[in-house]
Amino acid sequence: MTEGNILKSIILYSIPLIFGNLMQQLYNTFDSFIVGQFVDENALAAVGVSGSISFFLVAFYLGASSGAGILISQFYGAKKYDELQRVTHNMLGIGILLGVAITIIGMIFCPVFLGWIGTPEEVMGDAIVYLRIFFGGMLFQVIYNMLAAVLNAVGNSMSSLLYLVISSVLNIILDALLICVFHMGVEGAAIATVVSQGVCCILILRRLMNADPVYRVSLEKIELNGHYCKKIVAVGFPAAVQNAVISFSSLLIQAGVNSYGPKAVAGFTAYMKVDGFDILPILSFSLAATTFVGQNLGAGETKRAAKGALVIVVLNVIYTAMMSIVMLTFDEQIISIFNTEPTVVHYGVMCIWALAPYYVLLGLIHSLAGCIRGTGNTVGPMVIILFSLCIYRVVWMWTVRPMFSDMNGVLLTYPTSFAVGAILMGGYTLYLIRKKSFSIKKKA
């Protein structure tokens with residue numbers, strides 16, 4: 001990251017991340033495809049509402065791992081390997097605690113959470129079954145994401161990609177076997193996900209236990225040291241809170257969709273599975289920005305960090321524009337992959353036209369946020385994203401949405417919040433440039 005051609009470095013780092021995320025989204029999408037085609041639209045809706053609940057509970061640890069990744073990338077760039085080791089093993093200690101806590105909370109309270117968002121009675125039973133199995137394997141998911149954050153932070157995104165590919169293929173095979181052959185419905189989809197995540201976790205743990213000594217993981221070194229835990233929390237907490245609060249606003253939107261019945265939920269679910277193919281590459285470029293800027297500032301390469309940031313913003317905008325064109329051109333065909341019931345397809349197409357044209361704005365938001373986080377400034381992006389992608393949406397759902405008679409009142413929450421976020425993040429970036437604030441935070 002700190003030498004050679006900037007565009008080449010970014011692309012070589014980003015492609016495995018993007019492909020890995022797409023593979024992860026592929027097996028999530030395959031779950032919905034199998035359930036929607038071989039069970040029914042109620043089962044498809046159950047997987048959808050389960051996803052909104054699960055993201056709400058896992059969002060916090062994803063933010064914590066991203067915070068630790070920022071520290072690791074900076075220490076790696078500065079060649080402070082002892083500090084890198086301590087952060088890595090304290091991050092794992094925090095991850096294990098969070099994983100156990102999320103498992104217990106999710107398995108016990110999932111019926112309560114589903115009731116809060118007005119889950120239709122027709123899908124409640126399947127959603128509870130899916131969530132309890134999913135949360136039973138939560139520790140696998142937490143540990144994998146923590147370890148992947150280590151590999152990504154030191155620039156080795158190819159290894160985590162390999163394990164995701166293996167996990168995705170296994171998940172697809174198990175989906176087909178458990179749902180199509182043994183007719184296990186949403187229970188089979190959940191078991192397939194947990195087993196594949198378990199295999200992925202074991203493989204990446206084995207890889208890091210035999211890695212370069214600079215970032216090697218040793219189980220006996222896992223700890224909860226107050227000093228290093230505070231460092232991780234200081235950088236990761238803003239992103240963790242951001243993720244958790246944004247997921248809360250997503251719950252409100254899911255509740256709004258739920259009020260239109262199971263077919264609307266099924267159509268929305270079908271769209272959101274495709275939506276991941278837009279969102280995850282956007283987030284991959286954002287992580288690339290954080291790592292690139294963090295490593296180069298850690299190495300004192302300020303101009304290189306700025307050039308790389310610009311390259312990533314341009315790449316993200318180009319990608320989102322291309323995906324929007326594809327989705328708008330093949331709208332009905334895309335939704336029909338999951339379910340061919342006309343009402344379900346109608347709602348899915350409605351979602352595409354309400355959201356897809358505006359993902360360029362979302363790409364701009366996350367690219368700039370990733371660049372700013374790479375400097376160690378995680379609070380500024382957190383505040384802007386919380387306001388635009390959460391508080392604004394909550395206010396919209398409570399005030400503007402009731403003025404609409406159809407689901408467009410819910411869906412328009414997305415593009416308007418994208419516009420607000422892009423304006424604020426762009427303005428904040430210009431402010432930092434003028435103040436010459438794009439330098440590494442001393443405390444990091």
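Residues numbered from 1 in each chain as written. Predicted model: local features only at pLDDT ≥ 70, side-chain atom pairs only at ≥ 80, totals over all residues. Heavy atoms only, no water.

A. The arrangement of the overall build of the chain in detail. Per the secondary structure count, the chain includes 16 helices and zero strands. Taking 2.2 N^0.38 as the reference for a compact globule, 444 residues should give roughly 22 Å; the C-alpha atoms of the chain span a radius of gyration of 21 Å, in line with that estimate. Projected onto its principal axes, the C-alpha coordinates of the chain cover approximately 60 × 45 × 35 Å. In the chain, which comprises 444 residues, the share counted as buried stands at 57%. Long-range contacts, defined here as pairs at least 24 residues apart, represent 83% of the contacts in the chain between residues at least 6 apart. Surface accessibility of the chain: about 17,600 Å² in total, with carbon and sulfur atoms responsible for 69%. (Helix = DSSP H or I, 4+ residues; strand = E, 2+ residues; numbered from the N terminus. Rg over C-alpha atoms; globule rule 2.2 N^0.38 Å. Buried < 20%, exposed > 50% of the residue type's maximum accessible area, 1.4 Å probe, protein only. Contact = heavy atoms within 4.5 Å. Areas by Shrake-Rupley, 256 points an atom, 1.4 Å probe, with all protein chains shown as cover.)

B. The arrangement of the packing of helix α3 (residues 81–116) against helix α5 (residues 138–153) in detail. Look at α3 against α5: their axes get within 8 Å of each other, and the N-to-C directions meet at 155°. Our classification of the angle between α3 and α5 gives roughly antiparallel. α3 and α5 meet at a crossing whose hand is right-handed. Within the contact between the two elements, α3 uses Thr88, Met91, Leu92, Gly95, Ile96, Gly99, Val100, Ile102 and Thr103 and α5 uses Met138, Leu139, Val142, Met146, Leu147 and Val150. (Axes fitted to C-alpha atoms, helices over the stretch in contact; angles between N-to-C directions. Parallel < 35°, antiparallel > 145°, perpendicular 65-115°, else oblique. Left-handed = near helix turned anticlockwise from the far one by under 90°.)

C. How the structure looks around the packing of α5 against helix α7 (residues 185–209). For the pair α5 and α7, the least separation of the axes is 9 Å and the interaxial angle reads 40°. The orientation of α5 relative to α7 falls into the category oblique. In this structure, α5 meets α7 at a crossing whose hand is left-handed. Of α7, the residues touching α5 (which contributes Phe140, Gln141, Ile143, Tyr144, Leu147, Ala148, Val150 and Leu151) are Val194, Gln197, Gly198, Cys200, Cys201, Ile204, Leu205 and Leu208. Looking at the contact of α5 with α7, its residues break down into 13 nonpolar, three polar and no charged. (Nonpolar A, V, L, I, M, F, W, Y, C, P; charged D, E, K, R; others polar.)

D. Focus on the pattern of salt bridges. Considering all chains together, one arrives at three salt bridges under this definition. Residues joined by salt bridges that share partners form a network here, namely Glu41, Lys263 and Glu341. (Salt bridge = Lys/Arg side-chain N within 4 Å of Asp/Glu carboxyl O.)

E. Up close: unusual backbone geometry. The backbone of Lys79 sits at a positive phi, close to 60°, despite the residue not being glycine. Inspection of the secondary structure assignment puts Lys79 in the loop between α2 (41–77) and α3. Although it is not a glycine, His183 sits at a positive phi angle of roughly 55°. Note on placement: His183 falls in the loop between α6 (157–181) and α7. Residue class for His183 comes out exposed when judged on its relative accessible area of 63%.

F. Layout of the side chain of Ser367. Its place among the elements puts Ser367 in helix α13 (residues 359–374). Classification of Ser367 by relative accessible area gives buried; the value is 0%. Side-chain polar atoms of Ser367 contact the backbone oxygen of Gly363, separated by 2.8 Å. The contacts of Ser367, once residues within four sequence positions are left out, are Ala289, Ile312, Val313 and Asn316. (Polar contact = N/O pair within 3.5 Å; in protein donor to acceptor, adjacent residues only side chain to side chain.)

G. Looking closely at a nonpolar patch on the surface. There is a patch of nonpolar side chains on the surface, built from Ile96, Val100, Ile104, Ile105, Met107, Ile108, Phe109, Val112, Trp116 and Leu139 and spanning about 880 Å² of accessible area. With nine residues, α3 is the single largest residue contributor to the nonpolar patch. Here Ile96 is to be found in helix α3. (Patch = residues over 30% accessible without salt bridge, like charges linked within 9 Å, V, L, I, M, F, W, Y side chains within 5 Å.)

H. Examining the nonpolar core more closely. Counting 112 residues, the largest nonpolar core has Tyr215 and Met407 as the members making the most contacts within it. Looking at which element gives the most residues to this core, the answer is α2, with 15 residues. If we skip the residues at most four places from it in the chain, Tyr215 touches Leu84, Gln85, Val150, Leu151, Val154, Asn156, Arg207 and Leu208. Formed by 17 residues, the second largest nonpolar core is a distinct cluster that contains Met1, Ile10, Leu17 and Phe285. (Core = buried A, V, L, I, M, F, W, Y, C linked by side-chain atoms within 4.5 Å.)

I. Here's a closer look at the side chain of Ser284. Tracing the backbone shows Ser284 in helix α9 (residues 262–298). For Ser284, a relative accessible area of 2% corresponds to the buried category. Setting aside chain neighbours within four positions, we find Ser284 in contact with Leu17, Ile18 and Asn21.

J. Focus on the packing of aromatic side chains. Scanning all chains against the criterion turns up 10 aromatic pairs. With a centroid separation of 6.4 Å and an interplanar angle of 55°, the aromatic rings of Tyr414 and Phe418 are classed as tilted. Residue Tyr414 and its partner Phe418 are located together in helix α16 (residues 413–434), separated by four residues, close to a single helical turn. Every member of this aromatic cluster is reached through a ring pair, and the members are Phe109, Phe113 and Trp116. (Phe/Tyr/Trp six-rings, centres within 6.5 Å; stacked < 30°, edge-to-face > 60°.)

K. Representation of the state of the cysteines. Tallying each qualifying case throughout the model produces zero disulfides. Just so you know, Cys200 is unpaired, no disulfide at all, and the nearest cysteine sulfur is the one on Cys201, 7.8 Å from it. (Disulfide = S-S within 2.5 Å.)

L. Looking closely at helix α14 (residues 379–399). Taking 1.5 Å per residue as the helical rise, α14 with its 21 residues ought to reach 30 Å, and the 28 Å between its terminal C-alpha atoms agrees with that figure. Approximately 35° is the largest bend angle found in α14, and it occurs at Phe387. (Expected span 1.5 Å × (residues − 1). Bend = angle between axes of the 7 residues up to and from the residue.)

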